[in-house]
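Remarks on the overall topology
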Amino acid sequence: MLQQTQVSTVIPYYARFLASFPDVLALAAAPIDLVIEHWAGLGYYARARNLHRCAQQIATVHAGKFPETEAQLEELPGIGRSTAAAIAAFAFGRRAAILDGNVKRVLCRQFGVAGFPGAKAVHDRLWLLAESLLPENDIEVYTQGLMDLGATLCTRSRPRCGDCPVAAGCVAKRDGRQGELPEAKPRAAVPERTSTFVLLTDGQRLLLERRPPSGLWGGLLVPPEGEPAAVAARFGLALGEATKLPPFKHVFTHFRLTLEPMLCQIDAQFQAAEPGLEWVEIGRAADAGVPAPIKKLIRQVASARG
DNA sequence: GAACCGTGGGA
DNA sequence: TTCCCAAGGTT
């Protein structure tokens, strides 16, 4: 959950998740749709599938117990080099280096590392630095301290260098370049996309469709996407009048999406042959495991019907 | 090696 | 409003 997601955002999701899946075996035994539902709204939904597969591998391949080495941990789905090191260090006291956003920022400033940290050469150098700095003992304290230094003092903007325990050796502070390091990602133009979502309702319920596992909103429930005629054809459905609801924009990291909702009444007796279709009460649809922008869209339907 | 994958908060 | 990016990993 904490991959590319701030702690404060994760906390409520984490609490609900653990309440439903208290241990790795419970998670492994859970249906994937339920896991996805708990993740809805958090983003990066591949993490949910990876975590679920990870639990299943631990249950079956590792007899329910986490492996302890970085190499074995990194073989698990969703666990890369940094997460493997974090588990190895915090759970098993192993001398392993992490490299998250906080550590990158601290290292770039402390050692005056130039270049965008995402560039391979810079990234490689940061990993070498992180490994070279590992203490012989107290790896948990060191690792937590390093991350907390980045999270609380060596912050992106307005770092509190006056309170920093390692300010004396910091290249960025010496040169007054705290605001320039780490260097920003070179930005490309953000693509714009437009997509129509067809809100099929029988007056009480809304028809939602589960998206394929990969890609945007993978595994989540959303209204069928596409032009109304195409959606109708796909479901073998005769559509009545389609009403346009107000469009709205949603800004993702990689593109801007304009959602154009179309509201259509259909027969409650409609049974689609396709799997993955679900009728959901309109009042509950926004909590049925849909991504955040779809929640907005569903609220429009709720208000449109009064 | 670059593109892709969400959402929310801070400035 | 707009941009940046956060306890990164996979394709």
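Here goes a summary of the coordinates provided.

Criteria and thresholds
- Residues numbered from 1 in each chain as written.
- Chains lettered and ligands numbered in written order.
- Predicted model: local features only at pLDDT ≥ 70, side-chain atom pairs only at ≥ 80, totals over all residues.
- Heavy atoms only, no water.
- Axes fitted to C-alpha atoms, helices over the stretch in contact; angles between N-to-C directions.
- Helix = DSSP H or I, 4+ residues; strand = E, 2+ residues; numbered from the N terminus.
- Parallel < 35°, antiparallel > 145°, perpendicular 65-115°, else oblique.
- Left-handed = near helix turned anticlockwise from the far one by under 90°.
- Contact = heavy atoms within 4.5 Å.
- Nonpolar A, V, L, I, M, F, W, Y, C, P; charged D, E, K, R; others polar.
- Buried < 20%, exposed > 50% of the residue type's maximum accessible area, 1.4 Å probe, protein only.
- Pairing = 2+ DSSP bridges.
- Expected span 1.5 Å × (residues − 1).
- Arc of directions from axis to C-beta.

Helix-helix packing is described using two parameters, namely the angle between the two axes and the distance between the axes. In the contact formed by helix α1 (residues 7-20) and helix α3 (residues 32-39), the axes pass within 9 Å of each other and the chain directions differ by 155 degrees. In this view, α1 runs roughly antiparallel relative to α3, as classed from their interaxial angle. For α1 against α3, the interelement crossing comes out right-handed. Contact with α1, carried on its side by Tyr 13, Arg 16, Phe 17 and Ser 20, involves Val 35, His 38 and Trp 39 of α3 and no other residues of that element. Its residues assigned to classes, the contact of α1 with α3 comprises four nonpolar, two polar and one charged.

Where α3 meets helix α4 (residues 46-60), the axes come as close as 9 Å, and the angle between the chain directions of the two elements is 135 degrees. When the axes of α3 and α4 are compared, the pair comes out oblique. Crossing geometry of α3 relative to α4 is assigned as right-handed. Contacts between α3 and α4 involve Ile 32, Val 35, Ile 36 and Trp 39 from the former and Arg 47, Ala 48, Arg 49, Leu 51 and His 52 from the latter. By residue class, the composition of the contact of α3 with α4 is six nonpolar, one polar and two charged.

Burial within strand β6 (residues 256-265) is extensive, with seven of its ten residues counted as buried. Pairing geometry for strand β1 (residues 192-201) and β6, over ten bridges, is parallel. Bridge assignment links Thr 196 to a residue of β6, and that residue is Glu 260. As paired strands, strand β4 (residues 242-244) and β6 are joined by three bridges and run antiparallel to one another. The partner of Ala 242 across the bridge, within β6, is Cys 264. Sheet topology places strand β5 (residues 248-251) next to β6; four bridges connect them, and they run antiparallel. Bridge assignment links Val 251 to a residue of β6, and that residue is Arg 256. The antiparallel hairpin formed by β5 and β6 contains four residues in its connecting segment.

The subject of this paragraph is unusual backbone geometry. Of the consecutive residues Leu 181 and Pro 182, the connecting peptide bond is found in the cis state with omega at -5 degrees. Phi at Tyr 44 takes a positive value of approximately 45 degrees, unusual for a residue other than glycine. Tracing the backbone through its elements, the reader meets Tyr 44 in the loop between α3 and α4. What makes Tyr 44 partly exposed here is its relative accessible area of 46%. With a phi angle near 55 degrees, Ala 63 is a residue other than glycine that sits in the positive phi range. Judged by its relative accessible area of 69%, Ala 63 falls in the exposed class.

Across its twelve residues, helix α6 (residues 81-92) extends 16 Å between first and last C-alpha, which sits within 8% of the 16 Å expected from 1.5 Å per residue. Of the residues making up α6, those classed as buried are Ser 82, Ala 84, Ala 85, Ala 88 and Ala 89. Around the axis of α6, the buried residues are gathered within 165 degrees of arc, so they sit on the same side. Count one or two residues on from α6 and you reach Gly 93, which has phi positive near 65 degrees.

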